[in-house]
Amino acid sequence: MKRIAESTVRRLSIYLGFLEEIGAQGVLTTSSDDLAKLGGTTSAQVRKDLSFFGSFGKRGLGYSVPELSSRLREILGLGHEWRICIVGAGKIGAALARYAGFAERGFLITGVYDSDPSKIGKTSGGVTVKDIAHLERDIAARKYQIAILTVPAENAQHIADTIVRGGLRAILSFAPTQLTTPPDVTLRTVNMAMELEGLTFALTNKSTDG
């Protein structure tokens, strides 16, 4: 399969969320127009996004909600459970550890780590916080597959290096800094300032016509 753009993957997640919502309401079919409205795109883009993964729907009949939901879950890797560790038991890390929606998607928070002695040994989201000194060893022993970093910028690269040495190949970082990882490690960064700047750009440049 050729490389799929991150923007396409994001839209697939949006489509899946919509399909699961209407599926829970008993809706059995939907259209590319419906999916496009929710995704803020066009019906042609919806069809293009889906075409990367095969043929879906029937002309004039639309898409089967149960079938397309099931297929998108497979494409997004949601057919099995993923073991996740959170590094950083501060406010963001603790909030993520408590979020029930992760488990519903198959993302299991099975480890939380910190270097603060006052946090080690306490529970966060039902998981006991462990000393970060054990992280590299625990990655293989506890079979973590994804790490979420919620640590200060000055510590983030060192911890990312530790995670990579432990053998983990997927990192989601909330640290406000640019990290460097080897080519075989998938790194995603959640930049809150950038997201807010996108909103302020939209507000500043919003058309006043009409």
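Below is a short write-up of the structure.

Conventions adopted
- Residues numbered from 1 in each chain as written.
- Predicted model: local features only at pLDDT ≥ 70, side-chain atom pairs only at ≥ 80, totals over all residues.
- Heavy atoms only, no water.
- Axes fitted to C-alpha atoms, helices over the stretch in contact; angles between N-to-C directions.
- Helix = DSSP H or I, 4+ residues; strand = E, 2+ residues; numbered from the N terminus.
- Left-handed = near helix turned anticlockwise from the far one by under 90°.
- Contact = heavy atoms within 4.5 Å.
- Nonpolar A, V, L, I, M, F, W, Y, C, P; charged D, E, K, R; others polar.
- Core = buried A, V, L, I, M, F, W, Y, C linked by side-chain atoms within 4.5 Å.
- Buried < 20%, exposed > 50% of the residue type's maximum accessible area, 1.4 Å probe, protein only.
- Pairing = 2+ DSSP bridges.
- Salt bridge = Lys/Arg side-chain N within 4 Å of Asp/Glu carboxyl O.
- Phe/Tyr/Trp six-rings, centres within 6.5 Å; stacked < 30°, edge-to-face > 60°.

## A closer look at the packing of helix H1 (residues 6-24) against helix H2 (residues 32-39)
Okay, so step 1: Axis separation between H1 and H2 bottoms out at 9 Å; the angle between their running directions is 115°. The chirality of how H1 crosses H2 is right-handed. Note on element contacts: H2 touches H1 through Asp-34, Leu-35, Leu-38 and Gly-39, opposite Ile-14, Tyr-15, Phe-18 and Leu-19.
Okay, so step 2: Looking at the contact of H1 with H2 residue by residue, the classes come out as six nonpolar, one polar and one charged.

## Re the environment of Pro-176
Okay, so step 1: Position of Pro-176 among the secondary structure elements: in the loop between strand S8 (170-173) and strand S9 (186-189).
Okay, so step 2: Once the C-alpha coordinates of Pro-176 and Tyr-113 are considered, the two residues, 63 residues apart in sequence, prove to be 19 Å apart.
Okay, so step 3: Filtering out sequence-adjacent residues up to four positions away, Pro-176 remains in contact with Val-151 and Ala-153.

## Regarding the side chain of Asp-138
Okay, so step 1: Of note, Asp-138 is situated in helix H7 (residues 135-141).
Okay, so step 2: Apart from residues no more than four positions distant in its own chain, Asp-138 is found in contact with Tyr-113, Lys-130, Lys-143 and Tyr-144.

## Brief notes about the nonpolar core
Okay, so step 1: Membership of the largest hydrophobic core comes to 20 residues, with the highest contact counts inside it found for Cys-85, Val-87, Leu-135, Leu-149, Ile-163 and Ile-171.
Okay, so step 2: Contributions of two or more residues to this core are made by strand S3 (82-87), H7, strand S7 (146-149) and helix H8 (153-165).
Okay, so step 3: Not counting the four nearest positions on each side in its chain, Ile-163 is found in contact with Val-87, Leu-135, Ile-139, Ala-147, Leu-149, Leu-168 and Ile-171.
Okay, so step 4: In terms of nonpolar packing, the next biggest core, distinct from the first, is built from 18 residues, Phe-56, Tyr-63, Leu-68 and Leu-78 among them.

## A word on the sheet that holds S3
Okay, so step 1: Read from one edge of the open sheet, seven strands run S5-S6-S4-S3-S7-S8-S9, paired in mixed fashion. With partners counted over all chains shown, the strands left at the sheet margins are strand S5 (123-124) and S9, one partner each.
Okay, so step 2: Two strands pair when backbone bridges link them, and S3 and strand S4 (residues 107-114) are joined in this way by six bridges, in the parallel orientation. The residue bridging Ile-86 from the neighbouring strand is Val-112, located in S4.
Okay, so step 3: Strands S3, S4, S5 and S7 of the sheet are contacted by helix H5 (residues 91-98), whose axis makes an angle of about 155° with S3.

## A few points about the pattern of salt bridges
Okay, so step 1: What the rule picks out here adds up to eleven salt bridges.
Okay, so step 2: Here Arg-71 and Glu-74 are joined by a salt bridge, their closest N and O atoms 3.4 Å apart. Remark: Glu-74 and Arg-71 occur in helix H4 (residues 65-75); sequence separation between them is three residues, near one turn of the helix.
Okay, so step 3: Of the residues examined, Arg-71 reaches a relative accessible area of 30% and is grouped as partly exposed.
Okay, so step 4: Ionic pairing is found between Arg-169 and Asp-184, a salt bridge with its closest N-O pair at 3.0 Å. With Arg-169 in the loop between H8 and S8 and Asp-184 in the loop between S8 and S9, this residue pair connects regions lying 15 residues apart in the sequence.
Okay, so step 5: According to the relative accessible area criterion, Arg-169 is partly exposed, its value standing at 34%.
Okay, so step 6: Under the relative-accessibility criterion, Asp-184 is labelled partly exposed at 47%.
Okay, so step 7: Salt bridges sharing partners connect three or more residues here, namely Glu-6, Arg-10 and Arg-188.

## Regarding the packing of aromatic side chains
Okay, so step 1: If you walk through the whole model with that rule in mind, you get three aromatic pairs.
Okay, so step 2: Relative to Phe-53, the ring of Phe-52 lies with its centre 6.5 Å away and its plane at 75°, an arrangement referred to as edge-to-face.
Okay, so step 3: A ring pair is formed by Tyr-99 and Phe-102, whose centres lie 4.9 Å apart and whose planes are at 90°; its orientation type is edge-to-face.
Okay, so step 4: We classify Tyr-99 as partly exposed; its relative accessible area is 48%.

Honestly, it's all geometry; don't read function into it.
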